[in-house]
Amino acid sequence: MDAIRAITERVSVAQLTGPDITQEQKEILFKAALRAPDHAWMRPSRYLTIEGEAREELGKIFYKYQAGREVLSPEKAKKIKNMLLRAPLVIVGITHLEEHPKVPRDEQLLSTGAGVQNMLNAAYAMGLGAIWRTGAMAECEGVRKALGLNRDDVITAFLYVGHINTTPKPVPDVELSEYVTAWTGETS
Ligand SMILES: Cc1cc2nc3c(=O)[nH]c(=O)nc-3n(C[C@H](O)[C@H](O)[C@H](O)COP(=O)(O)O)c2cc1C
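Please read these numbers as outputs of a predicted model, since none were measured by experiment.

Caption draft 1: Local environment of empty space enclosed by the protein. Across all of its chains, the model carries two cavities of 30 Å³ or more by this definition. Of the voids in this model, the largest cavity is the one considered here, and its volume is about 80 Å³. Together, Ala33, Leu34, Arg35, Ala36, Asp38, Arg43, Pro44, Ser45, Tyr47, Ser111, Thr112 and Gly115 line the largest cavity. At the level of elements, strand 2 (45-51) and helix 5 (105-125) are the ones that each hand at least two residues to the lining of the largest cavity. Ranked by the residues each element gives to the lining of the largest cavity, the list is headed by helix 5, at three residues. Class assignment for the residues of the lining of the largest cavity results in five nonpolar, four polar and three charged. One number sums up the size of the second largest cavity: a volume of about 40 Å³. Forming the boundary of the second largest cavity are Arg10, Val11, Val13, Leu120, Ala123, Tyr124, Leu128, Gly129 and Ala130. The set of elements that each furnish at least two residues to the lining of the second largest cavity consists of helix 5 and strand 4 (129-133).

So, in structure tokens, the structure goes:
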């Protein structure tokens, strides 16, 4: 698919299904992610793949920590346990923060964000669907620990990737002039 088309027409797809994402498709996704702009080439981004039974394992961990926070109805308990089964592949996008004299933490986080966006576009260009999610589990200390993260790691995304089994929503109309203005001199 033409790159401009992929970038301008991509939409998020929440209804995803198998079959599994192939090794070749995953390599394209990660090559795209690792072409994100990266000030001083710090390489702050890490990606974990959650596939197959690992999705159920992590779902149990989600349930354990969510159940420790609130009383869960059977429906909500099931929803949390099955959360990661909504796609054959879930990629955890992580920013490993380091001190740098010229690169603040925000820039390191933005670099991973750009990597995740590159994966969304690459998935779309390959005819796959994807959606960037975060939610409470991205901040949960128990989940972070189970994923092997330390205090300098930030979960930037749970990127769900799979095959599209419904008609994706239309590309929303955007009035560019509402967001884009030519600056012509100092504002008084
Ligand atoms: C950092 C970040 C976190 C997000 N977290 C969630 C989330 O947890 N759940 C969700 O439904 N959408 C989340 N979204 C929004 C979707 O990824 C998506 O952008 C939104 O549904 C709009 O769809 P579109 O990308 O087709 O415009 C998040 C987006 C970003 C950038």
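From this point, the narrative continues.
Caption draft 2: Local environment of the pattern of salt bridges. Within this structure, the stated rule accounts for six salt bridges. With a shortest N-O distance of 3.0 Å, Arg5 and Glu9 are connected by a salt bridge. Of this pair, Arg5 and Glu9 both sit in helix 1 (residues 3-9), four residues apart, roughly one helical turn. What makes Arg5 partly exposed here is its relative accessible area of 42%.

Caption draft 3: Structural view of the side chain of Asn121. For Asn121, the location among the structural elements is in helix 5. Residue Asn121 is classed as buried on the basis of its relative accessible area of 13%. In contact with Asn121, not counting residues within four places along its chain, are Ala6, Ile7 and Arg10.

Caption draft 4: Highlighting unusual backbone geometry. Pro19 follows Gly18 through a cis peptide bond whose omega is 5°. Looking at the element boundaries, Pro19 is found in the loop between strand 1 (16-17) and helix 2 (23-33). Phi at Ala40 takes a positive value of approximately 65°, unusual for a residue other than glycine. Note on placement: Ala40 falls in the loop between helix 2 and strand 2.

Calculation notes
- Residues numbered from 1 in each chain as written.
- Predicted model: local features only at pLDDT ≥ 70, side-chain atom pairs only at ≥ 80, totals over all residues.
- Heavy atoms only, no water.
- 1 Å grid on protein atoms, 1.4 Å probe; cavity = no way out; pocket = protein on both sides within 12 Å on 5 of 7 lines; lining within 4 Å.
- Points joined across faces, edges and corners; volume = space filled by probe spheres on them.
- Helix = DSSP H or I, 4+ residues; strand = E, 2+ residues; numbered from the N terminus.
- Nonpolar A, V, L, I, M, F, W, Y, C, P; charged D, E, K, R; others polar.
- Salt bridge = Lys/Arg side-chain N within 4 Å of Asp/Glu carboxyl O.
- Buried < 20%, exposed > 50% of the residue type's maximum accessible area, 1.4 Å probe, protein only.
- Contact = heavy atoms within 4.5 Å.

Geometric values such as these leave the question of function open.
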